[in-house]
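Read off the chains here:
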Amino acid sequence: MAAHRYGLSLVFILILSSLARPSSCDTLEKANDNTEEKQSVSDTPREVNSDGSIAAEDLIERQWQSTDVEADRGDGTKNSESFTAAAAARDEFQEELVIRPLHSGDIYASFQFRTLWDIDFLQERQKVSHYRLFPKSLGQVLSKFSVRELHISFTQGFWRTMQWGQPFIPSPPGAELWVWFHDTVSDVDGNWKELTNVLSGIFCASLNFIDLTNTVQPSASFKPLGLGNATDHRFLRYATLPREIVCTENLTPWKKLLPCGSKAGLAVLLKSEKLFHSSFHSQAVHIRPVCQDEQCASKAWELRQTLNVVFDLYTSGQGKKEWSLFKMFSRTLTEACPLATSSKVYVDITDNPEGELFELSPATPLLSQAVVLGDRRTYSVFDLTRAETFGQLRSLNLLLRWKGNSGDMLRPLLHAERYVAGFGLQTGEIHTVIYNNHPYRAFPVLLMDSVPWYLQLYIHTLTVTSKSRDNKPSYIHYQPAKDRHRPHLLEMLIQLPPHSMTEVTVQFERALLKWTEYTPDPNHGFYVGSSVVSALVPSMVAMNTNFTQDQPLFSSFVPVKEESSYFVRVYTEPLLVNLPTPDFSMPYNVICLTCTVVAVGYGSFYNLLTRTFQVDEPSLPLAKRLANLIRRIRGVPMLT
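Please read all numbers here as calculations on a predicted model, not as lab measurements.

### Points about the overall build of the chain
Within the chain one finds 13 helices and 28 strands. Every one of the 640 residues in the chain was classed for burial, and the buried ones make up 45%. Restricting to contacts in the chain with at least 6 residues of sequence separation, those with at least 24 account for 75%. Working note: accessible area of the chain is about 33,600 Å², and carbon and sulfur atoms make up 55% of it.

This is the structure in structure tokens:
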């Protein structure tokens, strides 16, 4: 009877619970409706397989990875129409690889990954709760610290401009970080300090060593590359760590920011063993707000991850001019990233119109022309979203076989270098040499120097000469250093005559540091960051000022406002300066000498004071001892 009552009560509870909750069929129908709506607002449809069926895994992955934006109302409640905001906050991802054969026989490979998201992290009463393609770690950083633009790079090696030409996106050796904060930030230095610590953890780098002693506020050298034309440099911070070593622990978190990671698309080529076995390697992250159309009616946040690498013939150990994707990266391409709307590989064939310089296989009928750094270049295009690109083997392995000598390279129009002169450890002189190789055009350049406080500049010794004549700068901004608080900052606007060499010299005196301020290897020297030269260089061809979404990523990073010139930023070599260094072995010598004196002097004196002396009687001769032994046996008195 009790079991019967228990069964009736259980049935009654189940009936009440089914009435209180909606049915599973209704929930499934609502989920299907939401899935269909999300699918309707998704990006372009995915690739169709050879058998006519659509890749179901890609569609499912796109459906469950939705982007929702929850808007907080004034009363603290969340807006129920989160899907409407999510539909508006669309994002897309593009990836590109540019391969350029250099005249020295080396290969320059440039990866660019761009993620666009039409959401405003700085908008009031808006909270971003879900992320799809944009990395959540960086989105939270932008929102928390009110960052308008962020540019960070890690570089191993020095870009040889005279041998390789100009890179697509330049970067100095070591680590570089410059950030534009929003104008609503009250404590910029506090946000800057916290931001460097957070980025140090994200990228596994030594950015936590950035402080006020190596941070400057440039007034004209670094302008926003995105929306806005901010002129208040109080919200700009710039710092470099020229001695930062780039290794695998920096590359791994950088790859994790990609939507597909290193599992699909062009990122499968990013094998650390090959990338770091090169003569130049640079990885960077650029975040900025951009326009999505020519009228700038809609705005979006752009995350651009770039990686540049130069493979040398001699360091690779091959010894012959034959390159392929497998030889460079130990891998080939098998598919595009499923989340990418565009995935392409560009090979520069400008210097090889008829195939007399090198042979490229497999051949492609797709060609593209773009104006890059003032020159019109022609590229062979391999679209990874097309099945015919991979052929029957479902693998793309580009092979480049050299046929003849590449000849001499055209000298870049703008080039700069720097070195330290002088002798001794008291005074010295910094020389910065800027070359204008244009045959008949003069143009101004903006030179920025950030010198540590322990190199005390004599600004009255500053001289600028061009063609053995004084060249007076039209603009000078100098901020003197404060010992142990801030570095020197020198910015100058200099007019470079055509086909000339301009030399900037300034004398300095080395300061004597405290013994706790020296590095663990002080005799190695102290690094001084690179000089930055920014200029609008005259273009050989008309630059494209029209805004189009079809532009390649490598030609659309810096906005072009004039057809007759293009923007170039050049970094010089970092300096290695020796400072007066004390003999750090002296404490060891003092300790050894002190211990010796204590052991010999005080030890002997203490031994004399604490020792107990006793009179030791002389022992008898052997003959007497034998006689006494005999006497003892006989019972006769002993001899004394």
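### Structural notes on the pattern of salt bridges
As enumerated under the stated definition, the model contains 16 salt bridges in all. The partner of Arg132 in a salt bridge is Asp91, and the shortest N-O contact between them spans 3.0 Å. Placement of the pair is Arg132 in the loop between strand 4 (126–128) and helix 5 (136–145) and Asp91 in strand 2 (residues 91–101), with a sequence separation of 41 residues. The same class applies to Arg132 and to Asp91, which are both buried.

### As for the packing of aromatic side chains
Overall, the coordinates contain 25 aromatic pairs when judged by the stated rule. Arranged with centres 5.6 Å apart and planes meeting at 80°, the rings of Phe111 and Phe329 form a pair that is edge-to-face. Here Phe111 is found in strand 3 (residues 107–117), whereas its partner Phe329 is found in helix 11 (residues 325–329), with 218 residues between them in sequence. You'll find Phe111 and Phe329 in the same group, each marked buried. Clustering of aromatic rings is evident, with ring pairs tying together Tyr108, Trp159, Trp164, Phe168, Phe280, Tyr346, Tyr379 and Phe554. Its guanidinium or amino end placed over the ring of Phe557, Arg288 lies 4.7 Å from that ring's centre, counting from NZ or CZ.

### A look at the pairing of strand 24 (residues 500–510)
Examined bridge by bridge, strand 18 (residues 427–436) and strand 24 share 10 bridges and lie antiparallel to one another. From the neighbouring strand, His431 faces strand 24, where its bridge partner is Thr505. Pairing geometry for strand 20 (residues 455–466) and strand 24, over 8 bridges, is antiparallel. Paired with Gln456 across the strands is Glu509, a residue of strand 24.

### What about the environment of Trp301?
In this structure, Trp301 sits in strand 10 (residues 299–311). As for Trp301 and Trp117, which are separated by 184 residues in sequence, their C-alpha atoms are 5.2 Å apart.

### Looking at the state of the cysteines
Taken as a whole, this structure holds 1 disulfide when the rule is applied. You can see Cys204 has no disulfide; the closest cysteine sulfur is in Cys247, sitting 8.9 Å from it. Using a relative accessible area of 40% as the deciding quantity, one classes Cys204 as partly exposed. Not part of a disulfide, Cys595 finds its nearest cysteine sulfur in Cys592, a span of 6.8 Å.

### Thoughts on the sheet that holds strand 24
The 5 strands lie next to each other as 17-18-24-20-21, forming an open sheet whose pairing is antiparallel. Of all strands in the sheet, those bounded by a partner on one side alone are strand 17 (414–421) and strand 21 (469–470).

### Remarks on a nonpolar patch on the surface
A contiguous nonpolar surface patch, about 340 Å² in accessible area, is contributed by Val598, Tyr602 and Tyr606. Among the structural elements, Tyr602 can be located in helix 12 (residues 586–610). In this structure Tyr602 comes out as exposed when scored by relative accessible area, which is 54%.

### Some words on the pairing of strand 9 (residues 280–291)
The buried fraction of strand 9 is high, at 11 of 12 residues. Of the pairings in the sheet, the one linking strand 9 to strand 10 comprises 12 bridges and is antiparallel in character. Across the sheet, Phe280 pairs through a bridge with Val310, a residue of strand 10.

### Focus: helix 5
Within the sequence span of helix 5, burial applies to Leu138, Gly139, Val141, Leu142 and Phe145. Along helix 5, the residues classed as buried sweep out an arc of 160° about the axis, all on the same side. Check the buried side of helix 5 and you find it contacts strand 5 (147–156), strand 6 (174–181), helix 7 (188–202), strand 9 and strand 10. Taken from the residues just after helix 5, Ser146 is the one with a positive phi, measuring 55°.

### A look at the sheet that holds strand 6
The strand order across the open sheet built from 11 strands is 7-8-6-5-9-10-3-2-12-15-14, with neighbouring strands paired in mixed fashion. On the outer flanks of this sheet lie strand 7 (215–216) and strand 14 (367–372), each paired with one strand and no other. Alignment of strand 6 against strand 8 (residues 236–241), held across 6 bridges, turns out to be antiparallel. For Glu176, the partnering residue across the bridge sits in strand 8 and is Thr240. With respect to the sheet, helix 7 is in contact with strand 5, strand 6, strand 7 and strand 8, its orientation differing from that of strand 6 by roughly 140°.

### Structural notes on the confidence of the model for the chain
In the predicted model, the chain carries a mean pLDDT of 81, and the fraction of residues at 70 or more is 81%. Segment residues 1–6: pLDDT under 50, and 0 contacts once partners within four positions in sequence are set aside and those in other chains are kept. Note that residues 10–88 has pLDDT below 50 and, in this model, 72 contacts with residues that lie over four places away or in other chains.

### Looking at helix 7
Owing to its 3.6 residues per turn, the α-helix aligns residues three or four sequence positions apart on the same side. If you check helix 7, its first and last C-alpha atoms are 21 Å apart, about what 15 residues at 1.5 Å a residue would give, namely 21 Å. Regarding helix 7, the residues found buried are Val188, Asn191, Trp192, Leu195, Thr196, Leu199, Ser200 and Ile202. The buried residues of helix 7 occupy an angular sector of 165° when projected down its axis, which confines them to one face. Buried-residue contacts for helix 7 involve helix 5, strand 5, strand 6, strand 7, strand 8 and helix 8 (248–256). Looking at where helix 7 begins, the residue whose side-chain oxygen comes 3.1 Å from the main-chain nitrogen of Gly190 is Asp187. Two residues or fewer after helix 7 comes Cys204, characterised by a positive phi angle close to 55°.

Reading the values: rules and limits
- Residues numbered from 1 in each chain as written.
- Predicted model: local features only at pLDDT ≥ 70, side-chain atom pairs only at ≥ 80, totals over all residues.
- Heavy atoms only, no water.
- Helix = DSSP H or I, 4+ residues; strand = E, 2+ residues; numbered from the N terminus.
- Buried < 20%, exposed > 50% of the residue type's maximum accessible area, 1.4 Å probe, protein only.
- Contact = heavy atoms within 4.5 Å.
- Areas by Shrake-Rupley, 256 points an atom, 1.4 Å probe, with all protein chains shown as cover.
- Salt bridge = Lys/Arg side-chain N within 4 Å of Asp/Glu carboxyl O.
- Phe/Tyr/Trp six-rings, centres within 6.5 Å; stacked < 30°, edge-to-face > 60°.
- Lys NZ or Arg CZ within 6 Å of the ring centre and 35° of its normal.
- Pairing = 2+ DSSP bridges.
- Disulfide = S-S within 2.5 Å.
- Patch = residues over 30% accessible without salt bridge, like charges linked within 9 Å, V, L, I, M, F, W, Y side chains within 5 Å.
- Arc of directions from axis to C-beta.
- Axes fitted to C-alpha atoms, helices over the stretch in contact; angles between N-to-C directions.
- pLDDT = per-residue confidence, 0-100.
- Expected span 1.5 Å × (residues − 1).
- Polar contact = N/O pair within 3.5 Å; in protein donor to acceptor, adjacent residues only side chain to side chain.

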